[in-house]
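# Summary of the model geometry
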Amino acid sequence: MSSTLSRRNFIKSGAAGAAFLGLASTGMLSACSWIEQQAVGEEEQSEEYTAYTYHSVNCGGRCSLKCTVRDGKLVNIEPNDWPDSRYSLCCLKGLSEIERVYSADRIQTPMKRVGERGAGQWEAISWDEAIQMIVDAADKTGGKDSILCIGSSGLDYKFPSLPRLIGAQQSHFLAKGIVGTGIDNGIGNGIDQATGDGTSGAMQTEVTSWVDSKVILMFGNNMLETGIGDSQFFFDAKEAGAQIIVFDPNYSVTAAKANRWIPIEAATDHAFLLAMISLILENKWYNEEYLVKNTSMPFLIDTKTGKLLRGALPAQTTDPATGKPVQPPAPFKVWDATANAPVDHNTAGAIGLLEGSFKTPDGVAVTTVFSQLLKTQEPYSPEWAAEITHVPAETIKEITELYATSHPALLGLGWGGTDKYAISDVTGHAAIILGSLTGNIGVSGGGAGVVNHHFLAANGGLGAWPIPAEFVKAETKVHNGYLPLQDNPTKIILCQGNGLQQMFAWQQKTNEWLDTLELVVTIDPFMTPSAELSDLILPTTTNFETEGKCGTMLSNRNHILLQGHVLDPLFESKSDFQIEKELAAAFGVDKYLAADMAEYNNKLLSAGKPTVAGITVETLLENQCVQRAKVPTTPAVGHLDQKYGTPSGKLELYYENQIEYDQALPTYVEALEANANNPLAANYPLKFSQPHSRFLVHSQFSNSQWIHQVCDGPRMSISSADAQARGLSTGDVVLVRNDRGNFKVPCTVSESIRPGHVIMSEGWWPAQLVDGSLQNVTNNQMVERQAKLKYSMVIAYYDTRVEVEKA
Amino acid sequence: MTKYGMVINLNRCIGCKTCVVACKMQNNVPMDMLWNRVINAGARSYDDAVGSYPNLIKQYTPVACQHCENPPCQAVCPVGATHTDEFGRVLIDYDVCIGCRICMAACPYNARVFNWSEPVRVPDFDYGQKEVAVRPVGVVEKCTLCAERTSEGKDPMCVSACPSRARTYGDLDDPESAISLLIRDAKPEHLLPEKGTSPKIYYIT
C-alpha cells in the first residue's frame, strides 16, 4: 500500500504531537451526507493519525485520551499514556464520544427561534447575525449587569474574560456570597469555614492516600458509579485493609463493594454524625492534644452573646506585593492555666484549657468552644439518632468506636448525595468537627470532606489571563437559584451548556422567568433542553475539535492536560474561546484577549505556580498532551503542617455567623420535605432523590446512542414494597407528581431501593422521558441561614416529596 | 508455547460497562450487537440486587468468549470456521463461516452474535482498529481477545480500559507471568465449570 503524506496532514499530526502512522486508506468512505458537508479536503482523506485530548465533562475523571483519526474522522479512543500510569484510564462515557461527536443532535449553525419558546422552530442564521443579535439586545437593556453569564460544570472555558470586560454578572459555584449557583456548595458551607479552604468541602487528602486509611466512612457517596476514575483506589484501600463502611438509603454499587453497608433514612446523615460526636465526647475518644494545638476548641465564648472573645487588634503590616497596609485579624482568647486568665491564643507558650467556664477580670462569663460543644451535644444520644436514622443505636456505637479508635480514619460525603438536601451545611459542619476531634485533618489517609479528586493535588497551579483591574464583574444581588423568583437586573442570559435545565429547580418557574427576558442564548455543541428553551443558539465545539493546534488546558491529578488538535471544528461550530473573542470584538474589548488558545494557555502556565514551571503548550504537544507537574510523588495531603487559611490559622469549628440560627455549633434541624414530619408526607409519601449514574455526567450523554446501547434510559426505581402497593411492575409508565408539577417515565422495581424512597438519575433530557421534565417536581426552596455561609444557599434538589402512580 | 488468557477479579468489577463499550469500538461492532456484556446474575434488572431489602447481594460479571480449551462451538462447527489458533485463541474464519449458527446454540456462555442483516453503525463509518476485519452479513462473530491489539504487544482493549483494574491478561504457559502468579495465588474459578469447557478466562470471586 502506498502512502501519500500531504503537507497539511503532516503539519496537523505533528502539531498534535502525533505518532504518525501514515498508512493508506482501506477505502472506507462515509455515506453520511451531513458528515461529508464539513469534510476537510478530499485529497487528504486517506490517512490515519494519532492525536490527544482530554475529557472534561465533570465527573472528576478528566481522563487524557489517545485518539485515532482515519479518513478525517474520529475512529478510536484509548486511555492516553500518563507519566503516572495509574491514571491511564477512561470510562464508557469517554469512549462513547466516538459517536456523540457526530451526534444528530449537534447544532450545526447559529439558529434563532422563530416559533413559541420550546416549540423547536428555528431559522439558521450567520455568525455575524447571531453576534449582532446579542449586541442589539445589550444596547436595548443597557448591557452591564443586565447580562448574566452562566457556565455549566465541566466547561474548562467558562468565558474567563468577557464578563469582566463588559461588566456582566457571572455565576460560579465557588463564588463567594450571593452569586454562587447553589450547586455542590452545601457541604462546603459546613466545612470550609473551619478549614479556610476554597474547595467547597473537598476532602483534604488525595484518594491515592487511602491505602493508609484504617477506616473509611462514606455518607451519600456512590463513587464507584460517579467517580469511576477513582475506583481503583477504593479497591487498593480495601485490599490494604481499610474497613470501608457506606451509608446510603439505597444499595448502591459502592455499598455493595464496601465491607459494610448501613441502610439509613435519607436526609438524616447529620443526625448520625451528631450522635457520633456525642459518643466521642462521652467516651473521651477525642485527641485532646490535637484539639488544643490545632483547633478553636479552646477559644473562649462570651456566654451571654455567643461571640468569641477577641484581643486587641495588632499593628498593621504592609503587603510586600502591593505595598498597601494590611490589618491582621484580632487574636482570639484562650484560658491560660498558668496565668489563670484569658490570653491571646497566639501568645508564645500559652496553652489554652480545652474545657471549662470562667469569669474574666472584666467580669464576663466565658466558656470554651469545647465546653459549649459538650452542652449543645447533650440531646444527641445514639438512641435519639436511631429514631431518626433508623440505624440501631448499637450499630451507631459500634461504628463510632471503630472510627474514633482507628487512626487514620476518613469521613467522606457526597456532592451528588448528602449535598443536595437543605441540611447539608449542618452535615458538613458535624463532619469537620468529627475529623478534628479525632485528629484526622492534615493526616495521610485521614480527612473529612467530599469524596472527590479533582480539587486536590497540584490543581490550581495555573495562573489566570490578565485583565486590567478597572474591569470588574457586576455584583449579583439575588442568589442564582432565586433568579426566577425575585426581582433582579438580568435581561440577557449567555448560557454555556445545559444550565437552564440543570442549574435551577422547578422547571416551570424557570420557563416563566425566561419569558420575561430580552434574550436567552445557549452556547452548546448539542440541542440540549437549555438550547430548546433559548431564543438564540450558538454551536460550539466538543473537546475533540480545535481551531488551532490546541484548545483548553487544565491541571488535574498532579498533571497538566492539554486538548490537542484532534479534529477541525465540525459544521459551523466555534470553540468557546473563539466565541468569547467574537463577542468581545463586537463589544469593542477584544484587544484584552489572547490571539489564540496557545497564547492563552502559555500565559496561564507562565503566570502559574512553580509546580508548572517549564511546562508550555509546546512541551505538552511533544509529550502527548500530558505532563506531570513538579510535585512530590507521594499522595497530596492538605494541611500536613496544621496550618489553615482561617483568621487564627487553626481549624475554626465555631461559626459566629450562625449564632442567630443556633448553628454556631451544629444542631439538629429537619430537612425541608425529606423529613418524616413534613405534612406533605400524607399526599406525597415518597422521598425522591436524583443521584448520578455511571451512564451520564449530569445531563451529558443523555443523547448518546452508544450509552443507550448499554442502559435502559431514564427509569424511576421504586422498592418492591412501594411498587406492590401501587400495582406497578417493571416497565410500567408512571406519573410522578407533587404540587409543583409532574412527569412520566417508565419504572423499574428494585430491591436496591429503600421503601419510602424513589430514585431516578438526574440529567435525563425531557426528550427521553415519556412526558415532562424531571425538574418539574424538584424543590427550589432554600434556607436563609446558609446565605451567611461561605458559598451561600444550596439548591435542595433531593429535598423533594412525590407520589408515583401508574400513568 | 504461548497461551493467552485473562483473569477478571469480580471483587473489583463495578459494573461500569467500560469494557463493553471499549470492545464495541475496538472491534467495529455494529449497533444492537455486543461481543462483551456485563450481567448482574440473579437480579431482575441491572441495578437491582439479589435478596430482600436490606439483605442484598450485587455481583457484576463481565462475559465474553471464554476461549475454552474444549470449545463446544468448535466441536460442532460443520465447516471448520471456528478454530483455535497457535496462541490458544478461539477464532472464527469469516470467509468459511456459513452462518448455520449451530455454534451459537452450543456455546454455554451465549458469547456469540450473528449478523442477521446489513450492519448499522452510528456513526455510519467503520471505527476501531483498522486491521480488524469487517464482517459480512450472515456470519457469526465474537471476542477475539483483541487479536489485532495483542499482536502489537498491547493488552486487549477491555483490559487497557478497565478503570477499576479488574482484569489481568497474559501468557498462561509462562509460569512467571503476572497472570500465572495470580491464578496460583488467588485460585480463580471458571464460569460454568460443570460444562467441562475449561476456559482460558478465569474469575476471582
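Residues numbered from 1 in each chain as written. Chains lettered and ligands numbered in written order. Predicted model: local features only at pLDDT ≥ 70, side-chain atom pairs only at ≥ 80, totals over all residues. Heavy atoms only, no water.

## Some remarks on the overall build of chain B
Tallying secondary structure elements over chain B gives six helices and 11 strands in all. In summary, chain B has a C-alpha radius of gyration of 17 Å against a globular reference of 17 Å for 205 residues, a match within 12%. In terms of overall dimensions, chain B has a C-alpha envelope of 50 × 40 × 30 Å along the principal axes. The burial tally for chain B puts 58% of its 205 residues in the buried class. Once local pairs closer than 6 in sequence are excluded, the contacts in chain B between residues at least 24 apart make up 63%. Accessible surface for chain B amounts to roughly 8300 Å². Of this, 54% is attributable to carbon and sulfur atoms. (Helix = DSSP H or I, 4+ residues; strand = E, 2+ residues; numbered from the N terminus. Rg over C-alpha atoms; globule rule 2.2 N^0.38 Å. Buried < 20%, exposed > 50% of the residue type's maximum accessible area, 1.4 Å probe, protein only. Contact = heavy atoms within 4.5 Å. Areas by Shrake-Rupley, 256 points an atom, 1.4 Å probe, with all protein chains shown as cover.)

## Brief notes about the confidence of the model for chain A
Of the residues in chain A, 92% reach a pLDDT of 70 or more, and the chain-wide mean stands at 91. Counting interchain partners and residues more than four positions distant, the pLDDT-below-50 stretch residues 1–45 of chain A has 76 contacts. (pLDDT = per-residue confidence, 0-100.)

## With respect to the pattern of salt bridges
Oppositely charged side chains may form a pair once their charged atoms are brought near each other. In this structure the tally under the stated criterion is 45 salt bridges over all chains. Its salt-bridge partner being Asp722 of chain A, residue Arg726 of chain A comes within 3.6 Å of it at the nearest N-O pair. Taken as a pair, Arg726 of chain A and Asp722 of chain A share a single burial class, namely buried. Of the charged contacts, one joins Arg184 of chain B and Asp185 of chain B as a salt bridge, the two residues approaching to 3.6 Å between their closest N and O atoms. (Salt bridge = Lys/Arg side-chain N within 4 Å of Asp/Glu carboxyl O.)

## Side note on the environment of Thr50 of chain A
Residue and element names in this part refer to chain A. When you line up the elements, Thr50 lands in strand β1 (residues 48–54). For Thr50, a relative accessible area of 9% translates into the label buried. As a C-alpha pair, Thr50 and Gln624 span 574 residues in sequence and 9.5 Å in three-dimensional space.

## Observations regarding the interface of chain A and chain B
Taken together, the 60 residues of chain A in the interface contact 51 residues of chain B. Interface area, chain A with chain B, both sides summed: about 4400 Å², of which 58% is carbon and sulfur. When the buried area of chain A at its contact with chain B is split by residue, Trp706, Gln709 and Glu751 of chain A rank highest and sum to 17% of it. Here chain A and chain B share five salt bridges between them. Arg12 of chain B serves as the salt-bridge partner of Asp236 of chain A, at 2.4 Å between the closest nitrogen and oxygen. At the boundary of chain A and chain B, one finds 27 residue pairs in polar contact (both at pLDDT 80 or more). Those elements that provide at least two residues to the side of chain A that touches chain B are β3 (73–79), α3 (92–100), α7 (223–226), α8 (231–239), α9 (253–257), β10 (260–263), α22 (705–710) and β29 (742–749) of chain A. Looking at which element gives the most residues to the side of chain A that touches chain B, the answer is β3 of chain A, with seven residues. A breakdown of the residues in the side of chain A that touches chain B according to their chemical character gives 33 nonpolar, 14 polar and 13 charged. (Buried area = accessible area lost by both parts, 1.4 Å probe. Polar contact = N/O pair within 3.5 Å; in protein donor to acceptor, adjacent residues only side chain to side chain. Nonpolar A, V, L, I, M, F, W, Y, C, P; charged D, E, K, R; others polar.)

## Examining the domain arrangement of chain A
Residue and element names in this part refer to chain A. Split by domain assignment, chain A resolves into domain 1 (1–102 + 546–572 + 598–630), domain 2 (107–171 + 472–539), domain 3 (186–310 + 353–456 + 645–661) and domain 4 (679–806). For domain 3 and domain 4, the distance between their C-alpha centres works out to 28 Å. Between domain 3 and domain 4, the contact holds 38 residues from the first and 26 residues from the second. Each partner contributes to the roughly 2700 Å² buried at the junction of domain 3 and domain 4, and carbon and sulfur atoms together form 48% of this total. Run the count over domain 3 and domain 4 and you get five salt bridges. Here Glu265 makes a salt bridge to Lys687, at a shortest N to O gap of 2.8 Å. Where domain 3 touches domain 4, the interface holds 26 residue pairs in polar contact (both at pLDDT 80 or more). Put simply, the parts of the chain that give the side of domain 3 that touches domain 4 at least two residues each are α6 (186–195), α7 and α15 (424–437). (Domains from an automatic or database assignment.)

## Here we look at helix α20 (residues 597–606) of chain A
Along an α-helix, residues three or four positions apart point the same way, because every turn accommodates 3.6 residues. Residues and elements named next belong to chain A. Turning to α20, its buried residues number three or more, namely Met597, Ala598, Tyr600, Asn601, Leu604 and Leu605. Summarising the axial view, the buried residues of α20 lie within an arc of 160°, below the 170-degree limit, and thus occupy one face. On its buried face, α20 sits against β23 (550–556), β24 (559–564), α19 (576–586) and α21 (617–622). Two to three positions downstream of the cap, the backbone nitrogen of Ala598 sits 3.2 Å from a side-chain oxygen, assigning the N-cap of α20 to Asp596. (Arc of directions from axis to C-beta.)

## Some thoughts on the sheet that holds strand β18 (residues 409–413) of chain A
All names here are of chain A. The strand order across the open sheet formed by five strands is β10-β9-β8-β18-β19, and the pairing between neighbours is parallel. Every other strand in the sheet has two partners, leaving β10 and β19 (447–450) as the edge strands with one partner each. Adjacent strand axes in the sheet meet at a mean angle of 15°, parallel and antiparallel pairs treated alike. Pairing between β18 and β19: four bridges, direction parallel. Bridge pairing links Leu413 to Val450 in β19. (Pairing = 2+ DSSP bridges. Axes fitted to C-alpha atoms, helices over the stretch in contact; angles between N-to-C directions.)

## Considering empty space enclosed by the protein
Taken as a whole and assessed by the stated rule, the structure comprises 10 cavities of 30 Å³ or more. Estimates place the volume of the largest cavity at around 180 Å³. Taken together, 21 residues line the largest cavity, and the ones lying closest to its centre are Met6, Ala64, Cys143, Cys158 and Arg167 of chain B. Here the lining of the largest cavity is composed, by residue class, of 16 nonpolar, four polar and one charged. If you add up the space inside the second largest cavity, you get close to 120 Å³. Lining the second largest cavity are 14 residues, and of these His55, Cys59, Gly61, Cys63 and Cys91 of chain A lie nearest its centre. Looking at the lining of the second largest cavity residue by residue, the classes come out as eight nonpolar, four polar and two charged. (1 Å grid on protein atoms, 1.4 Å probe; cavity = no way out; pocket = protein on both sides within 12 Å on 5 of 7 lines; lining within 4 Å. Points joined across faces, edges and corners; volume = space filled by probe spheres on them.)

## A word on the side chain of Glu762 of chain A
Tracing the backbone through its elements, the reader meets Glu762 of chain A in the loop between β30 (757–759) and β31 (771–772). With residues near it in sequence (within four places) discarded, Glu762 of chain A still touches Gln502, Gln690, Pro691, His692, Leu696, His698 and Leu774 of chain A.

## Topic: the packing of aromatic side chains
In this structure the tally under the stated criterion is 27 aromatic pairs over all chains. Ring geometry for Phe247 of chain A versus Phe272 of chain A: centroids 4.7 Å apart, planes at 65°, classification edge-to-face. Taken as a pair, Phe247 of chain A in strand β9 (residues 243–248) and Phe272 of chain A in helix α10 (residues 269–282) lie far apart in primary sequence, 25 residues in all. Judged on exposure class, the residue Phe247 of chain A and its partner Phe272 of chain A are both buried. Ring centres of Phe299 of chain A and Phe332 of chain A lie 4.8 Å apart, and the angle between their planes is 15°; this geometry places the pair in the stacked category. Within this pair, whereas Phe299 of chain A is found in the loop between α11 (288–294) and β11 (300–302), its partner Phe332 of chain A is found in the loop between β13 (325–326) and β14 (333–336), the two being separated by 33 residues in sequence. You'll find Phe299 of chain A and Phe332 of chain A in the same group, each marked buried. Note that Lys24 of chain B overlies the ring of Trp706 of chain A, its terminal NZ or CZ placed 5.5 Å from the centroid. In this structure, Arg101 of chain B is placed above the aromatic ring of Phe114 of chain B, and the distance from its NZ or CZ to the ring centre is 5.0 Å. (Phe/Tyr/Trp six-rings, centres within 6.5 Å; stacked < 30°, edge-to-face > 60°. Lys NZ or Arg CZ within 6 Å of the ring centre and 35° of its normal.)

## Describing helix α4 (residues 127–141) of chain A
Residue and element names in this part refer to chain A. With 15 residues, α4 extends 21 Å from end C-alpha to end C-alpha; this agrees with the ideal 21 Å at 1.5 Å per step. Along α4, the positions that sit buried rather than exposed are Trp127, Ala130, Ile131, Ile134, Val135, Ala137 and Ala138. Taken down its axis, α4 places every buried residue within 160° of arc, on the same side. Facing away from the buried side of α4, by more than 90 degrees, are the exposed residues Asp128, Asp139 and Lys140. In the core, the buried residues of α4 are packed alongside β6 (147–151), β20 (492–496), β21 (519–524), β22 (536–539) and α19. (Expected span 1.5 Å × (residues − 1).)

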